[in-house]
Amino acid sequence: MKEARQAALTALHALDKEPLGFYPTPLHRLAKLSEMTGVEIWIKREDFSGVSLFGGNKIRKLEYLLAQAKREGCDTVFTYGATQSNHAMQTAVAARRCGMTPVLWLGAIVEPKAEDIRANLLLDTILGAEIHILTSIGSTKETMAANKPLFAARIAELEAEGHKIFDVPIGGSLPRGAAGFAECWIELMQQCEDAGFTPDTVFCGTGSGGTLAGLAAGKTMSMDTGVALQAFTVGKKDLATYGAGVRDLARAVIVLTGRSYALADDAFAIGDVSGPGYEKPHKEANDDIRLLARTEGLFADSVYSGKAFHGMMDMIRSGAVKRGSRVVFLHTGGATALFSEAEIVGDLAAPSFVHH
Ligand SMILES: *Cc1c(COP(=O)(O)O)cnc(C)c1O
């Protein structure tokens with residue numbers, strides 16, 4: 001392993017971590033899509049993180065976050081998200097693995113139907129998480145900000161009963177959580193090297209920003225300046241402000257590991273693939289979800305990975321990604337959303353069968 005990469009990995013491994021997933025996640029080539037586009041497309045399977053079929057990118061973050069919770073003697077984990085949050089579900093899974101009780105505060109961007117509980121909310125229910133549904137007043141962030149007194153009251157009750165609460169913010173995007181994706185970057189670059197290539201660009205979706213920030217930190221610490229990192233936001237955002245926040249988080253990851261690299265101006269770029277908005281189906285992204293399934297037999301979802309995949313495919317089709325180049329798409333998971341409400345999956349669920 002090259003020296004800078006080894007040094008970055010050593011610094012990351014000085015942080016305590018609770019093993020939760022199955023790593024390294026696979027990296028493989030998409031032969032049909034590569035042939036079709038003239039771009040060599042590889043995919044890194046963070047959707048295969050484990051610990052069950054329903055893994056995803058939050059597991060790497062939770063390995064670092066819940067190690068801290070354990071060290072601090074916490075027995076209860078609070079987290080926040082939309083009712084169909086992958087992050088909330090994966091946090092509930094990780095909490096159970098660590099012997100802790102998950103408490104979920106979920107904003108109803110899409111109102112769940114009591115008689116037809118689906119997808120992540122169904123898994124949260126099976127996991128026996130303490131589930132609180134909050135009427136949505138806009139973005140999940142806004143809904144959570146408005147309900148702070150409710151969280152404080154529940155914390156006071158639980159503490160009075162002798163419980164100790166560990167708080168995981170939306171997406172787990174603290175420096176400790178994002179550190180998991182600095183590690184992912186190093187893992188990916190090593191896999192590419194072992195497969196005999198250096199990617200021109202790594203693509204991923206971005207929401208709370210921890211995945212992107214961690215990747216950017218890993219890229220900086222291992223001095224992989226020649227590899228572009230292109231993210232796509234799945235929620236409407238002011239990209240300048242959002243990008244500045246991701247940069248701050250990436251710097252905080254570097255500081256956390258005791259290193260002092262400056263983040264390059266072009267450490268990453270962000271495009272917008274949110275379409276009609278978070279958890280709202282995007283017509284062209286759904287076309288690319290069908291394309292991925294019908295060429296490679298792989299599933300991406302309509303909230304995150306499908307929109308991000310669409311962002312990459314658009315750059316390939318427009319020529320922004322040159323023919324002959326090599327790219328990696330980071331599949332961050334989220335397939336459970338394919339089984340969520342019709343409002344979320346949109347025309348993916350349009351009936352297409354012959355009934356006899
Ligand atoms: C949370 C999530 C993302 C975004 O990751 P962040 O670290 O929150 O930016 C991308 N894809 C899926 C499937 C997710 O669940």
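Cut-offs and rules
- Residues numbered from 1 in each chain as written.
- Predicted model: local features only at pLDDT ≥ 70, side-chain atom pairs only at ≥ 80, totals over all residues.
- Heavy atoms only, no water.
- Helix = DSSP H or I, 4+ residues; strand = E, 2+ residues; numbered from the N terminus.
- Rg over C-alpha atoms; globule rule 2.2 N^0.38 Å.
- Buried < 20%, exposed > 50% of the residue type's maximum accessible area, 1.4 Å probe, protein only.
- Lys, Arg positive; Asp, Glu negative; His and termini not counted.
- Charge placed at Lys NZ, Arg CZ, Asp CG, Glu CD.
- Axes fitted to C-alpha atoms, helices over the stretch in contact; angles between N-to-C directions.
- Parallel < 35°, antiparallel > 145°, perpendicular 65-115°, else oblique.
- Left-handed = near helix turned anticlockwise from the far one by under 90°.
- Contact = heavy atoms within 4.5 Å.
- Nonpolar A, V, L, I, M, F, W, Y, C, P; charged D, E, K, R; others polar.
- Patch = residues over 30% accessible without salt bridge, like charges linked within 9 Å, V, L, I, M, F, W, Y side chains within 5 Å.
- Areas by Shrake-Rupley, 256 points an atom, 1.4 Å probe, with all protein chains shown as cover.
- Salt bridge = Lys/Arg side-chain N within 4 Å of Asp/Glu carboxyl O.
- Near = heavy atom within 4 Å.
- Polar contact = N/O pair within 3.5 Å; in protein donor to acceptor, adjacent residues only side chain to side chain.
- Pairing = 2+ DSSP bridges.
- Phe/Tyr/Trp six-rings, centres within 6.5 Å; stacked < 30°, edge-to-face > 60°.
- Lys NZ or Arg CZ within 6 Å of the ring centre and 35° of its normal.
- Core = buried A, V, L, I, M, F, W, Y, C linked by side-chain atoms within 4.5 Å.

Now for the overall build of the protein chain. Regarding its fold elements, the protein chain presents 13 helices and ten strands. Whereas a compact globule of 356 residues would reach a radius of gyration of roughly 21 Å, the protein chain reaches 20 Å, a difference of no more than 12%. Per-residue burial for the protein chain yields a buried fraction of 56% across its 356 residues. Where the 36 positive side-chain charges of the protein chain centre and where its 41 negative ones centre are 3 Å apart.

Direction vectors running N to C along helix H4 (residues 86–97) and helix H5 (residues 119–126) enclose 20°, while the axes themselves pass 9 Å from each other. Considering the angle they form, H4 stands roughly parallel to H5. The chirality of how H4 crosses H5 is left-handed. Packed against H4, whose contacting residues are Asn-86, Ala-88, Met-89 and Ala-92, the element H5 presents Asn-120, Leu-123 and Asp-124 at the interface. Taken together, the residues of the contact of H4 with H5 break down into four nonpolar, two polar and one charged.

In this section: a nonpolar patch on the surface. On the surface, a cluster of nonpolar side chains totalling about 260 Å² of accessible area is made up of Ile-117, Leu-122 and Ile-126. Along the polypeptide, Ile-126 turns up in helix H5.

Next up on the list: the site of the ligand. Contacts to the ligand come from 14 residues, most closely from Lys-58, Lys-61, Ser-208, Thr-211 and Thr-332. Asn-57 places a side-chain nitrogen or oxygen 3.0 Å from an oxygen atom of the ligand. Here Thr-211 contributes a side-chain N or O atom positioned 2.7 Å from an oxygen atom of the ligand. Of all the secondary structure elements, the ones that give two or more residues to the shell around the ligand are helix H3 (58–71) and helix H9 (210–221). Across the shell around the ligand, the residue classes tally to one nonpolar, eleven polar and two charged.

So, on to the sheet that holds strand E5 (residues 130–135). Pairing is parallel across the open sheet formed by four strands, whose spatial order is E5-E4-E3-E6. The two strands at the open ends of the sheet, each matched to only one other strand, are E5 and strand E6 (165–167). Each neighbouring strand pair of the sheet contributes to a mean axis angle of 25°, computed without reference to strand direction. Bridge count between strand E3 (residues 76–82) and strand E4 (residues 101–108): seven bridges; the pairing is parallel.

Time to look at the packing of aromatic side chains. All told, the structure shown has seven aromatic pairs when counted by the stated rule. Judged by centre distance (6.1 Å) and plane angle (0°), the rings of Phe-203 and Phe-232 are stacked. Taken together, the residues Phe-203 in strand E7 (residues 201–206) and Phe-232 in strand E8 (residues 228–233) connect sequence positions 29 residues apart. Looking at Phe-203, the relative accessible area reads 0%, which means it is buried. Plain terms: the ring middles of Tyr-278 and Tyr-304 are 5.8 Å apart, the flat faces sit at 70° to each other, and that makes the pair edge-to-face. On the criterion of sequence distance, the pair formed by Tyr-278 in the loop between strand E9 (269–272) and helix H11 (283–296) and Tyr-304 in the loop between H11 and helix H12 (305–318) is long-range, its members being 26 residues apart. Residue Tyr-278 is classed as partly exposed on the basis of its relative accessible area of 21%. Through a chain of ring-to-ring contacts, the aromatic side chains of Phe-78, Tyr-80, Trp-105 and Phe-151 assemble into a single cluster. The side chain of Lys-58 reaches across the aromatic face of Tyr-304, ending 5.6 Å from its centre. Its guanidinium or amino end placed over the ring of Phe-181, Arg-60 lies 5.9 Å from that ring's centre, counting from NZ or CZ.

To continue, consider the nonpolar core. If you look at the biggest cluster of nonpolar residues, it comprises 41 residues, and the most contacted ones within it are Val-202, Leu-212, Leu-215, Leu-229, Phe-268 and Val-328. For this core, the secondary-structure elements that each account for two or more residues are helix H1 (3–13), helix H8 (175–194), E7, H9, E8, helix H10 (239–256) and strand E10 (326–331). Considering each element in turn, this core owes the most residues, ten residues, to H8. Beyond its immediate chain neighbours, meaning those up to four positions away, Val-202 contacts Trp-185, Leu-188, Met-189, Val-227, Ala-228, Leu-229, Gln-230 and Val-328. Core analysis: the next-biggest nonpolar cluster, separate from the first, contains 26 residues, Ile-41, Ala-300, Val-303 and Tyr-304 among them.

A few words now on the sheet that holds E7. The strands making up a sheet are joined through hydrogen bonds of the backbone, oriented either antiparallel or parallel. Spatially, six strands are ordered E1-E2-E10-E7-E8-E9 in an open sheet, and the strand pairing comes out mixed. Taken across any chain shown, the strands that pair with only one partner, and hence form the sheet edges, are strand E1 (27–29) and E9. With direction set aside, neighbouring strand axes in the sheet form an average angle of 25°. With four bridges joining them, E8 and E9 adopt parallel strand pairing. If you follow Thr-233 over to E9, its bridge partner there is Asp-272. H9 rests against E7, E8, E9 and E10 of the sheet, and its axis sits at about 175° to E8.

Everything listed here is a matter of coordinates, which is why it stays silent on function.
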